[in-house]
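This is what each chain is made of:
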Amino acid sequence: MHRDFTVTSGTTLRCKGWRQEGLLRLLENVLAVGEDPDNLIVYAALGRAARDWPSHDRIVETLKTIEDGETLIVQSGKPIGVVRTHPKAPVVLMANCNMVGQWAKAENFYRWQDDNLICWGGLTAGDWQYIGSQGVIQGTYEIFMRIAEQNFGDNLAGRFVLTAGLGGMGGAQPLAGVMARAAILCVEIDPKRIEKRIEVGYLDKQAETLDEALALIEEARANKEPLSVGLCANAADIFEQIRQRGIVPDIVTDQTSAHDLIYGYVPADYDLETVRRMRREAPDELMAASTRSIVRHVGAMLAFQKAGAVVFDNGNLIRTQAKEGSVDNAFDIPIFTEAFLRPLFARAIGPFRWIALSNDPDDIRKIDDWLLDEFKDDAGVTRWIELARKHVPVEGMPARIAWLGHGDRTKLGLAVNRMVRDGVLAGPVAFTRDHLDAGAMAHPNIMTENMRDGSDAIADWPLLNALVNCASQADLVAIHSGGGGYSGYMTSSGVTLVADGSAAADERLEMTLTNDTTTGVMRYADAGYEESFDEIARKDIRHFRLDTTGKGGSGA
Ligand code: NAD
């Protein structure tokens with residue numbers, strides 16, 4: 001059956017209301033901008049929008065027929081049924097890829113996936129929140145700017161960034177690098193991914209050889225011109241070759257799908273076709289080859305670090321895989337969250353997004369204008385919005401990401417709902433955020449590595465976050481855990497709201513957006529971060545600061 005992966009425009013409803021219609025449009029959007037929609041794959045190697053096509057089609061049919069007061073239940077991408085709730089209850093509730101502790105291992109995941117019992121929703125694929133490469137662009141940009149501030153001045157002009165992976169999320173790297181004014185080289189093994197990033201405007205140029213790539217980078221660096229260059233090759237090989245030439249980039253990272261040794265990472269010395277065949281026929285051999293390649297890949301990154309480059313892990317588990325392969329010092333490379341972004345998360349400032357459900361880019365422009373005016377004293381917000389509107393192309397439904405925090409998200413949500421009500425915007429707007437958000441993720445090798453109180457692996461926080469959002473009338477709430485190579489590594493929660501201009505939406509937006517960030521501030525306060533205590537004091541958050549370290553307690 002031929003499938004058409006386009007998004008819907010205009011304001012004609014196919015569902016009983018905008019809450020259902022908005023979620024349906026978001027499902028369509030994650031496939032329209034996804035990496036392999038024919039197989040329902042959105043990003044991160046195996047992150048799926050639905051379990052299989054029958055599941056997808058039943059979800060679509062159900063969203064078209066359910067009414068307020070009915071809630072669709074989804075288990076790992078498969079619709080289970082509809083329960084009668086009440087008009088303020090979520091439209092969709094999901095639990096994706098949650099396995100019981102001792103069983104949460106990659107081999108079980110692959111087995112249960114083959115038995116069609118489970119599928120991985122990534123973070124934003126399974127719950128239809130993905131907005132294309134833009135979803136992580138500000139995060140990557142903020143990392144580059146923190147590195148610039150700490151090491152090079154105001155920006156990365158004249159600096160060489162080396163990285164790899166131009167997939168769904170990694171594809172944001174070249175544009176984020178250019179926005180920070182760097183000369184950035186991205187190594188990618190799949191020529192189709194390079195083509196796609198050039199086509200959507202995220203990558204400037206492709207070089208045919210390493211010599212050509214380095215010459216382009218050197219010229220841009222010398223002229224302090226921002227430039228992104230893609231090179232079709234294996235990153236393990238190229239990182240080593242650059243090191244052997246005695247060249248030390250200013251910044252080195254990586255965003256290949258190293259978390260998945262079978263379906264994500266492509267080992268050096270193997271071509272793509274062979275790897276695709278081995279995924280089915282020789283997965284164990286492929287895993288071993290991927291680990292060997294990652295050992296070399298991370299070995300080169302450590303050598304760059306030793307030679308003076310700023311090297312960081314960009315959230316793909318590459319250090320963990322290298323350590324499994326006996327690179328004992330792989331964790332000398334810091335994780336980006338702890339190294340650069342934690343003070344923001346401690347204030348619950350994180351990757352918040354909104355999507356114009358009418359598919360009219362003018363709605364995003366109008367919201368940008370509102371933000372520029374309303375946040376004119378906040379240099380961080382205005383600098384980002386100006387840059388984003390200049391550089392970030394529209395991919396799928398028009399969307400914007402901005403790192404906003406507690407109170408600011410609520411203010412924006414309510415203002416946009418008013419703009420919908422007053423007819424200023426062409427149609428309703430959906431609000432969501434990455435799972436990599438203050439209260440929403442436990443991942444001891446990414447989000448919560450080296451928490452001040454040692455609470456890295458405590459998953460109560462994202463579960464509480466999901467429960468709170470459910471009680472706060474969100475339109476969709478999801479609880480995810482890791483799949484594939486992330487199995488057993490993470491638990492996270494996602495939330496979506498539709499601003500349809502109604503008074504009921506005012507209530508939902510105010511409660512959910514406020515309480516979502518409240519749990520984020522509380523989570524970091526509980527771990528002892530001063531920024532969170534400051535936020536609590538300034539914004540009147542009812543957090544209990546109990547001293548439970550004495551262990552005496554008050555008795556049962
Ligand atoms: P993806 O699967 O869409 O893309 C990965 C890309 O890496 C593919 O294009 C693949 O061809 C390429 N690749 C694999 N092995 C390679 C090699 N040895 N050399 C060169 N290229 C190689 O995945 P994605 O969505 O781009 O995510 C990439 C990684 O980043 C994942 O591990 C994902 O979980 C992680 N991630 C991090 C964040 C964050 O906030 N930092 C956010 C989302 C995803």
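For clarity, every value in this text was computed on a predicted model and none was experimentally measured.

Draft legend 1. Spatial organisation of the site of the ligand. Near the ligand there are 30 residues, and of these Glu188, Ser257, His259, Asn314 and Tyr486 occur at the shortest range. A distance of 2.9 Å separates a nitrogen atom of the ligand from a polar backbone atom of Ala235. Between the ligand and Ser257 there is a distance of 2.8 Å, counted from an oxygen atom to a side-chain nitrogen or oxygen. Relative to its unbound accessible surface of 860 Å², the ligand loses 95% to contact with the protein. Residue contributions to the shell around the ligand reach at least three from each of two domains, namely domain 1 (1-132 + 349-556) and domain 2 (134-334).

Draft legend 2. Expanded view of the confidence of the model for the protein. Taken as a whole, the protein shows an average pLDDT of 96; of its residues, 98% reach a score of 70 or greater. Predicted confidence is poor over residues 552-556, with pLDDT under 50, and the contacts of this stretch with residues over four places away or in other chains come to 0 contacts.

Draft legend 3. Focus on empty space enclosed by the protein. Under the criterion given, the structure shown has 1 cavity of 30 Å³ or more. Roughly 50 Å³ of internal volume is contained in the largest cavity. Forming the walls of the largest cavity are Phe352, Arg409, Phe431, Thr432, Arg433, Val495, Thr496, Leu497, Thr512, Leu513 and Asp516. Elements that contribute at least two residues to the lining of the largest cavity include exactly strand 14 (429-433), strand 17 (491-499) and helix 17 (503-526). Of the residues that constitute the lining of the largest cavity, the class distribution is 5 nonpolar, 3 polar and 3 charged.

Parameters at a glance
Residues numbered from 1 in each chain as written. Predicted model: local features only at pLDDT ≥ 70, side-chain atom pairs only at ≥ 80, totals over all residues. Heavy atoms only, no water. Near = heavy atom within 4 Å. Polar contact = N/O pair within 3.5 Å; in protein donor to acceptor, adjacent residues only side chain to side chain. Areas by Shrake-Rupley, 256 points an atom, 1.4 Å probe, with all protein chains shown as cover. Domains from an automatic or database assignment. pLDDT = per-residue confidence, 0-100. Contact = heavy atoms within 4.5 Å. 1 Å grid on protein atoms, 1.4 Å probe; cavity = no way out; pocket = protein on both sides within 12 Å on 5 of 7 lines; lining within 4 Å. Points joined across faces, edges and corners; volume = space filled by probe spheres on them. Helix = DSSP H or I, 4+ residues; strand = E, 2+ residues; numbered from the N terminus. Nonpolar A, V, L, I, M, F, W, Y, C, P; charged D, E, K, R; others polar.

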